[in-house]
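Structure assessment
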Protein chains: 6
Amino acid sequence: MTGLPTFAMPGGFLGADGDTGGGITIAGIPFDIATTNRPGARFGPEAIRRASKMLVDGDHPTLRRSVALGLNDTGDFAIALGDVPASLALIEQQASQFEHLVTLGGDHSIALPLLRALHKRLGRPLGLVHFDAHVDTWPDSFGQVYGHGSCFYHAINEGIVDPKRMIQIGIRSPVQTDVLDWTLQQGVTILSAQDVHERGVEAVATQIRQVVGEQPSYLTFDIDALDPAFAPGTGTPEIGGLATWQAQAILRRLSGVNFAGMDMVEVAPAYDHAEVTALAAATLVYEYLALVQREV
Amino acid sequence: MTGLPTFAMPGGFLGADGDTGGGITIAGIPFDIATTNRPGARFGPEAIRRASKMLVDGDHPTLRRSVALGLNDTGDFAIALGDVPASLALIEQQASQFEHLVTLGGDHSIALPLLRALHKRLGRPLGLVHFDAHVDTWPDSFGQVYGHGSCFYHAINEGIVDPKRMIQIGIRSPVQTDVLDWTLQQGVTILSAQDVHERGVEAVATQIRQVVGEQPSYLTFDIDALDPAFAPGTGTPEIGGLATWQAQAILRRLSGVNFAGMDMVEVAPAYDHAEVTALAAATLVYEYLALVQREV
Amino acid sequence: MTGLPTFAMPGGFLGADGDTGGGITIAGIPFDIATTNRPGARFGPEAIRRASKMLVDGDHPTLRRSVALGLNDTGDFAIALGDVPASLALIEQQASQFEHLVTLGGDHSIALPLLRALHKRLGRPLGLVHFDAHVDTWPDSFGQVYGHGSCFYHAINEGIVDPKRMIQIGIRSPVQTDVLDWTLQQGVTILSAQDVHERGVEAVATQIRQVVGEQPSYLTFDIDALDPAFAPGTGTPEIGGLATWQAQAILRRLSGVNFAGMDMVEVAPAYDHAEVTALAAATLVYEYLALVQREV
Amino acid sequence: MTGLPTFAMPGGFLGADGDTGGGITIAGIPFDIATTNRPGARFGPEAIRRASKMLVDGDHPTLRRSVALGLNDTGDFAIALGDVPASLALIEQQASQFEHLVTLGGDHSIALPLLRALHKRLGRPLGLVHFDAHVDTWPDSFGQVYGHGSCFYHAINEGIVDPKRMIQIGIRSPVQTDVLDWTLQQGVTILSAQDVHERGVEAVATQIRQVVGEQPSYLTFDIDALDPAFAPGTGTPEIGGLATWQAQAILRRLSGVNFAGMDMVEVAPAYDHAEVTALAAATLVYEYLALVQREV
Amino acid sequence: MTGLPTFAMPGGFLGADGDTGGGITIAGIPFDIATTNRPGARFGPEAIRRASKMLVDGDHPTLRRSVALGLNDTGDFAIALGDVPASLALIEQQASQFEHLVTLGGDHSIALPLLRALHKRLGRPLGLVHFDAHVDTWPDSFGQVYGHGSCFYHAINEGIVDPKRMIQIGIRSPVQTDVLDWTLQQGVTILSAQDVHERGVEAVATQIRQVVGEQPSYLTFDIDALDPAFAPGTGTPEIGGLATWQAQAILRRLSGVNFAGMDMVEVAPAYDHAEVTALAAATLVYEYLALVQREV
Amino acid sequence: MTGLPTFAMPGGFLGADGDTGGGITIAGIPFDIATTNRPGARFGPEAIRRASKMLVDGDHPTLRRSVALGLNDTGDFAIALGDVPASLALIEQQASQFEHLVTLGGDHSIALPLLRALHKRLGRPLGLVHFDAHVDTWPDSFGQVYGHGSCFYHAINEGIVDPKRMIQIGIRSPVQTDVLDWTLQQGVTILSAQDVHERGVEAVATQIRQVVGEQPSYLTFDIDALDPAFAPGTGTPEIGGLATWQAQAILRRLSGVNFAGMDMVEVAPAYDHAEVTALAAATLVYEYLALVQREV
């Protein structure tokens, strides 16, 4: 345990660099112009990587080994400044080169091209574990068709995600009733934040495993699934959300889910303080890495 | 879903303006000189209205319709700068013109003139659902008789509130033992924050409904009932408080209570960050509106 | 001097509402997706209006009368969320309805459609007084053609602005040398921030009046012309900038310039503190209003 | 140079305690309910004392000896919570016990009782060196007669201050023209902030010395005389103000003025950051102490 | 209830000064150079004392009397600036003079000399109730042997603490597996934060009482045992931690434990906001004082 | 001008990486335990590098070409956690490998080993251009011999720096008179901040060039030479300091000075906001690079 203290480490996620070949690849996607409220998630990748330094020194406490083995960080994806459709196309194209991709957003609109790329690679609809305060199945937001509140509307309509194997956890925002009804009619399972608080983490994890089954699934984690007390640094906060311990506890109980990728989105550092949001995001990615490594 | 994005909306609560006749009226009361610790709640009305914009786009998730229908926002009440008694008189006078008033404070001293006005209108003592970290039944605070810690001492003594139908939720501050004993002797029910954590939201809501019964009641919500993690932007924070999800869960279970008015007090934006306190206040008012509309 | 204290005033600029017919119109343009660095200027209009309340109580100290007479505030312009070209078109269309428009941005890309609309109304190229840390004459920014750093490249190329009657004050950022040379070759006069510090406000004001002459001119004020000490809340700060007193002193010496409109852009409140940037922006707009009224 | 590092020192101004008999007495006045905009100056005394620790280690750089000799800090004055007239009476009564008092506010309304007490002690009208962004000679503020904007209206009317020996430095806020004219008609000399920027510190200091002469004078320093860049933590900021170096340079040139007391007011820590405002206030008090000691 | 409002109180913890002879002594230890990540806990004592003012006015709500009786605050211990071994020696020496010491840190390295002094006084190994996110039993941190992550490694090795009577609550950070295993092999009981969330406060308190038994014990509370939502102002935050209500509820259930001293460490005010961390620390010390007084 | 926007760039200073052989080397030194007041400069290197991204896009405005050519960033130096003497030795050893080193601190104590290494390389005493609020020639600070306030005491005593060729700019803190006198007696030239404000940047630059002459010199820039308005994020701020434009203007006038290295120290990001301090530090390093390149 000698060497550079964590605060002097280079900047990749958990200190990873871009050189390693196999395993899991981290990429940042500094894109935030599809937000409907507070922007700033373009600085999310940088903030999450920086906060991840606090997690480097030691092994994961339940996995009992480092989660950074075999990890590489390819840096940030190129985007088309100020242009949503061109950026989504660029993201999809870059994502398609990686076997198992964990992305740091960026706003939630990036999930659509990431899912498109993964769907092409796997050749079948994906299960989806979706943590969020919002359903994100609006056909549009104030006229914007590919906004951050519409990514799963398109993913379902395009057949990329199997709505019967899709579950949303933490939902609690105001929502147009016809949007909510459409989502339920597709077969999506919705657990509100109040459901999580009432039923407990064990029951929630069981239901997630049941809904997504054993086929390949994807984890999309909007940091606003957490309560603003735990994650103030985000664009469209809603009160009444999850504690970080609940999110951790649920993730740790998802052994057996066949995860093929993950994104962590909507971290907006300008609204954060003392890096608590960035640290929450980094640690939840860290939990995902431990979970996936546990399967190996 | 076209039109102005929420961040470009005009400034009334949930976008309401002052034109509508009937229904519920929102008013701000930018008064904070009766505080005993941190001032700044004079900026509460502005901050709560601004945060409420985040709630405009969509229906209430369990009411399944907009809560803004029939709502009007009359702006801020006039106050007498630097003069507590004159301000309380002005507040009572202005409050007396409205049928069903929901006020955005301001410090808790404003509850007294609001209750006086409502008591005059209804002609009988009111039930009181009182969320707070403090009992607010001190005869005085450092000699100040109408301070923000004395409003319910006067309300009980003046016969405005029926202490047998009064319940306090979230209490946890240091308090003079004789003040506490006097309060209990009047018949007030006190649920400490630890009581809420131990018994759960269902039991608390049941007890509230039992205590206040079916006669007209009033909801007074001091934002410091919430834990400082969830509501840092307030004047006299106390640790160990409620999570926002608990406050929401309790409010949603108060169907059947005959509410005749509400205030949301002690939001001090200078101590807030990322608008989390203002958003908590706005959302809890939104829950009240949904609750009252549910009854219609 | 009775009535509502300033902190309880309604939300229009200097308390103005939208009802008055003639005079000068304030409009907000909550658009910020053409930024190349920190976003957030979509919240600029709200923040500038709020800060303007501090200026309401009293007359302008050198004009010796209120500057709010005849002022109306039409609220915010509609924009196309997430779509730069559609937003620019919408802004131009809305701007074309007003005689003398003072807009609160928003990022600097909005200056282009505002100038297009004004040019159509007046039928001839405009003089331009341009306060900024950046020349904003880049053909593109990382490929983005209508970004906030390219507005005057287009304005010059489209013949909207007469580069011989265009003067830039406060310039100091890194810049591609060919962009700088192109700008100078068009005939634009550039005063760096160091020039202002060395020559003094009187000489700068004299040169501005000489460059723009007596034909109609437009004032475009990027808040990053100010030093970050005076205006931290902006997207692309550069050190070494102007003090607020210098900007005020220069503006007050521009009597005789025939101003036909103004914009105040790039206020990003998420990076502000204690509202100092918003107050600087509001006060400089207030100085413009005093300047224009002085001419009447 | 051994012993406790400055950050571990006890809390009095410059480490002074209340025990010493003679010399100069520091007192805090945690009173802020006469403010018309942002409150919070009640926490000014604590913040200024804390910031003063940074100045303890070493001698004053131009006085070349410690300024803390003979200094005592009597703690905070008692006030009447929520009651302006009673508080002003209490302040006057407590102030009257001290020979040479330097007070840490609190809002500017405290200057009136402090001047009343000093006037009684000295038996003749005082000269006044008044640093401020505002004239503070309004007959009332929104109806409030003893607000923080009216202290010198009363001081002049009560014959406590000799307006011919009164000079205001840094004035720049909006102001009712008749208030401004009344002030000038009394014989008060007004130097705007722009006057200071144009004429320079030497000329300003010379004029101050000429106006107040050799009879006893009082220094009242509203921290908003400084620009918000240098002093964001205050209630009614105005841009275009003084830099701290200008205030220091002017004070250091006031040798020969016969100062009988000082107040430093309107430091509102909730709006400060990194203690820059509190440090500015502490250092300017420190300059005053050096100035007065220089005379001994 | 007259006298100085709490915000005007002198600076000792709960207003205590250094004069009282017997009872419990508060001391600050402004030492933070043994931290491995964010420094700044040197300002912890000052911040905790200041926040404690909010707790002065009234009795402890369940103890039903003041906890400040017999309390004295001796100020801050001298330390050797920039020198870890010399500082630890100084701390031990100063601590040895006090009967029952409650210290305000400072980083966790101070626990070692405090325990050494207490061990010498009592002449036998201590039981330890240790709230923390980290085990702090690393042999070294990046080569630093007496860092803040190694204090209990030494305390166990030196025979000061009886590992069979040592329990850690809130553990959740990454940790080297051999460090964790060594700790368990010594006989230390470890309750992770997830354990607390799952089992509940009653079970945790029961287990603590069982582990430490009736012999003298010491409470060491690293504020990062709390979740960053409740305590952002600390050096090595970890998500998923305890709520303040849980810490309070556990402490209140520790009647019967024979506590001989306490420290509250790792409060780093530069990362706090609205004093929530300092207030949490102050209130948990206050709970300890109530707990100890309950035993008398 | 295509490619990654600046906010997505990798983390080296101006985007430089460690690969390039020749030219100038950037290194971070995350060491801050020799501070006497606020710590936190260990995070300075990271913050300065991040802020430097804002300067990448374009050429230096007066040099008219990129300053990043031939630049490499070797990352952070290893330090000995918690151990001042061992860290200074490590720093000297690492520094000795580089031809022309520009370091990002870190507190000012790092200047001593950097100067020692450079002195060994060059074999003769160095001239020193020293921007600071403090003389940093104290024999010790509260007993600490190698604290951040003593680096130049040792450098002079060790014959590393030639005091006749040493000039300090911006000095203004309290200081022990015998320390100040010793410094002057060695032959050091001291320009106070007030001297800079009075004499102007041209005169200051001329004097610097005269003092240091044409032999090799070193630039040591303590960010607290700047006023806290321009650089709040530092450990021992003093009011009355330099504006960033003054520092820039002076540096640009130092053509002809034979600079052999530079450090930028005392940036403490926890006290910064909106990155203004980090940006000031990055830009002044950028000016140094332009200055040195101008000579080539």
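Below is a summary of the structure that appears in this document. Because the structure is predicted, anything quoted here is derived from the model rather than measured.

Things to note about the overall build of chain A
The secondary structure content of chain A amounts to 9 helices and 8 strands. On C-alpha atoms alone, chain A measures out to a radius of gyration of 17 Å, which is about the 19 Å that the 2.2 N^0.38 rule sets for 296 residues. Overall, chain A is about 60 × 45 × 40 Å in size when its C-alpha atoms are taken along their principal axes. Taken across its 296 residues, chain A has 71% of its residues classed as buried. Contacts spanning at least 24 positions in sequence make up 78% of the contacts within chain A whose residues lie at least 6 apart. By element, 50% of the accessible surface of chain A is carried by carbon and sulfur atoms, the whole surface being about 8,000 Å².

A look at the sheet that holds strand β8 (residues 258-265) of chain E
Residues and elements named next belong to chain E. Here we have 8 strands laid out as an open sheet, ordered β2-β1-β3-β8-β7-β4-β5-β6, and parallel in their pairing. Each of the sheet's edge strands pairs with one partner strand only, and the pair in question is β2 (71-76) and β6 (189-192). Looking at each pair of strands side by side, their axes are set apart by 15 degrees on average, direction ignored.

Brief notes about the environment of E:D181
When you line up the elements, E:D181 lands in helix α5 (residues 177-186). The spatial distance from the C-alpha of E:D181 to the C-alpha of E:P45 is 34 Å, given a sequence separation of 136 residues.

A word on the arrangement of the chains
Spatially, chain A and chain D are disjoint, and the shortest separation between their C-alpha atoms is 14 Å. For the non-touching pair chain B and chain F, the nearest C-alpha separation works out to 14 Å.

Concerning the interface of chain E and chain A
At the interface, 30 residues of chain E touch 32 residues of chain A. Contact between chain E and chain A buries roughly 2,600 Å² in total, counting both sides, with carbon and sulfur atoms accounting for 60%. Among the residues of chain E in contact with chain A, E:F142, E:P174 and E:I239 are the three that bury the most area, contributing 29% of the side total. Run the count over chain E and chain A and you get 3 salt bridges. Residue classes in the side of chain E that touches chain A are distributed as 12 nonpolar, 11 polar and 7 charged.

Points about the side chain of A:R38
Within the secondary structure, A:R38 is located in the loop between β1 (24-29) and α1 (44-52). By relative accessible area, which is 3% here, A:R38 ends up buried. A polar atom in the side chain of A:R38 sits 2.9 Å from the backbone oxygen of A:T234. In contact with A:R38, not counting residues within four places along its chain, are A:P232, A:T234, A:G235, A:P237, A:Y271, B:M54, B:A274, B:E275 and C:F43.

Some points on unusual backbone geometry
Going from D:G105 to D:G106, the amide bond is cis rather than trans, its omega being 10 degrees. For D:G106, the position within the fold is in the loop between β3 (101-105) and α3 (111-122). Unusually for a residue other than glycine, B:A274 sits at a positive phi of about 55 degrees. Looking at the secondary structure, you find B:A274 in the loop between β8 (258-265) and α9 (276-295). The exposure class of B:A274 is buried, given its relative accessible area of 16%.

A few points about the pairing of strand β5 (residues 161-171) of chain C
All names here are of chain C. In terms of residue burial, β5 counts as a mostly covered element, since 9 of its 11 residues are buried. When strand β4 (residues 126-131) meets β5, the two strands line up parallel, connected through 5 bridges. By the bridge assignment for β5, L128 is matched with M166. Sheet analysis places β5 next to strand β6 (residues 189-192), joined by 4 bridges and oriented parallel. Following the sheet pairing, I171 is matched in β6 by S192. Assessed by its sense of winding, the connection that carries the chain from β5 through helix α5 (residues 177-186) to β6 is right-handed.

Describing helix α7 (residues 201-212) of chain C
Residues and elements named next belong to chain C. Here α7 is 12 residues long and its end C-alpha atoms lie 17 Å apart, about the 16 Å a rise of 1.5 Å per residue gives. When we look at burial in α7, the residues that qualify are V201, V204, A205, I208, V211 and V212. In a view along the axis of α7, the buried residues occupy a sector of 130 degrees, so they form one face of it. On its buried side, α7 packs onto β4, β5, β6, α6 (193-199), β7 (216-222) and α8 (244-252). G213 occupies a position one or two residues after α7 and carries a positive phi of about 65 degrees.

Observations regarding the packing of aromatic side chains
Across all of its chains, the model carries 36 aromatic pairs over all chains by this definition. For the pair C:F131 and C:F221, a centre-to-centre distance of 4.6 Å together with 15 degrees between the ring planes defines the contact as stacked. Residue C:F131 is found in strand β4, and its partner C:F221 is found in strand β7; the two are separated by 90 residues along the sequence. Feature note: the residues A:F230, B:F230 and E:F230 constitute an aromatic cluster, connected by ring pairs. The ring of A:Y271 has A:R38 lying over it, and the distance from NZ or CZ to the ring centre is 4.3 Å.

Things to note about the interface of chain E and chain B
Listed per partner, the contact involves 32 residues of chain E and 30 residues of chain B. Both faces considered, chain E and chain B share a buried interface measuring about 2,600 Å² in area, 60% of it formed by carbon and sulfur atoms. The interface formed by chain E and chain B holds 3 salt bridges in total. Across the pair B:R38 and E:E275 runs a salt bridge whose closest N-O atoms are separated by 4.0 Å. Our count for the chain E to chain B interface comes out at 10 residue pairs in polar contact (both at pLDDT 80 or more). If you list the elements that add at least two residues to the side of chain E that touches chain B, you get α8 (244-252) and α9 (276-295) of chain E. The greatest single-element share of the side of chain E that touches chain B, amounting to 6 residues, is contributed by α9(E). In the side of chain E that touches chain B, the residues fall into 17 nonpolar, 8 polar and 7 charged.

Some words on the relation of the copies chain E and chain A
Rotating chain E by 120 degrees about the axis while translating it 0.0 Å along that axis superimposes it on chain A, leaving an RMSD of 0.0 Å. Such a turn and shift between the copies fits a three-fold axis. In terms of proximity to the rotation axis, the leading residue of chain E is E:A229, whose C-alpha is 3.1 Å off the axis.

Quick notes on the sheet that holds strand β4 (residues 126-131) of chain D
All names here are of chain D. Read across the sheet, 8 strands follow the order β2-β1-β3-β8-β7-β4-β5-β6 without closing on themselves; strand pairing throughout is parallel. Only two strands of the sheet have a single neighbouring strand rather than two, namely β2 (71-76) and β6 (189-192). Taking the axes of each pair of neighbouring strands and ignoring which way they run, one obtains an average angle of 15 degrees across the sheet. Bridge analysis of strand β1 (residues 24-29) against β2 gives 4 bridges, and the strand direction is parallel. Following the sheet pairing, I26 is matched in β2 by D73. Contacts between helix α1 (residues 44-52) and the sheet are confined to β1, β2, β3 and β8 (258-265), with β3 contributing the most and set at about 110 degrees to the helix. Set on the sheet, helix α7 (residues 201-212) makes contact with β4, β5 (161-171), β6 and β7 (216-222); between it and β5 the angle comes to about 165 degrees.

Some remarks on the relation of the copies chain E and chain B
Expressed as a screw transformation, the operator carrying chain E onto chain B has a rotation angle of 120 degrees and an axial translation of 0.0 Å, and the superposed copies differ by an RMSD of 0.0 Å. A distinct binding surface is used by each copy, with only 9% of the interface residues of chain E retained as interface residues in chain B.

A look at the pattern of salt bridges
Any two side chains of opposite charge can pair, given that their charged atoms come close. Counting across every chain of the model gives 87 salt bridges over all chains. In this structure, A:E46 and F:K53 form a salt bridge, with 3.1 Å as the shortest nitrogen-oxygen distance. Of the two residues, A:E46 sits in helix α1 while F:K53 sits in the loop between α1 (44-52) and β2 (71-76), which places them in two different chains.

Cut-off values and rules
- Residues numbered from 1 in each chain as written.
- Chains lettered and ligands numbered in written order.
- Predicted model: local features only at pLDDT ≥ 70, side-chain atom pairs only at ≥ 80, totals over all residues.
- Heavy atoms only, no water.
- Helix = DSSP H or I, 4+ residues; strand = E, 2+ residues; numbered from the N terminus.
- Rg over C-alpha atoms; globule rule 2.2 N^0.38 Å.
- Buried < 20%, exposed > 50% of the residue type's maximum accessible area, 1.4 Å probe, protein only.
- Contact = heavy atoms within 4.5 Å.
- Areas by Shrake-Rupley, 256 points an atom, 1.4 Å probe, with all protein chains shown as cover.
- Pairing = 2+ DSSP bridges.
- Axes fitted to C-alpha atoms, helices over the stretch in contact; angles between N-to-C directions.
- Buried area = accessible area lost by both parts, 1.4 Å probe.
- Salt bridge = Lys/Arg side-chain N within 4 Å of Asp/Glu carboxyl O.
- Nonpolar A, V, L, I, M, F, W, Y, C, P; charged D, E, K, R; others polar.
- Polar contact = N/O pair within 3.5 Å; in protein donor to acceptor, adjacent residues only side chain to side chain.
- Right-handed = clockwise from strand over helix to strand, strands pointing away.
- Expected span 1.5 Å × (residues − 1).
- Arc of directions from axis to C-beta.
- Phe/Tyr/Trp six-rings, centres within 6.5 Å; stacked < 30°, edge-to-face > 60°.
- Lys NZ or Arg CZ within 6 Å of the ring centre and 35° of its normal.
- Least-squares fit on C-alpha atoms with pLDDT ≥ 70 in both.

Bear in mind that shape data such as this cannot, by itself, settle questions of function.
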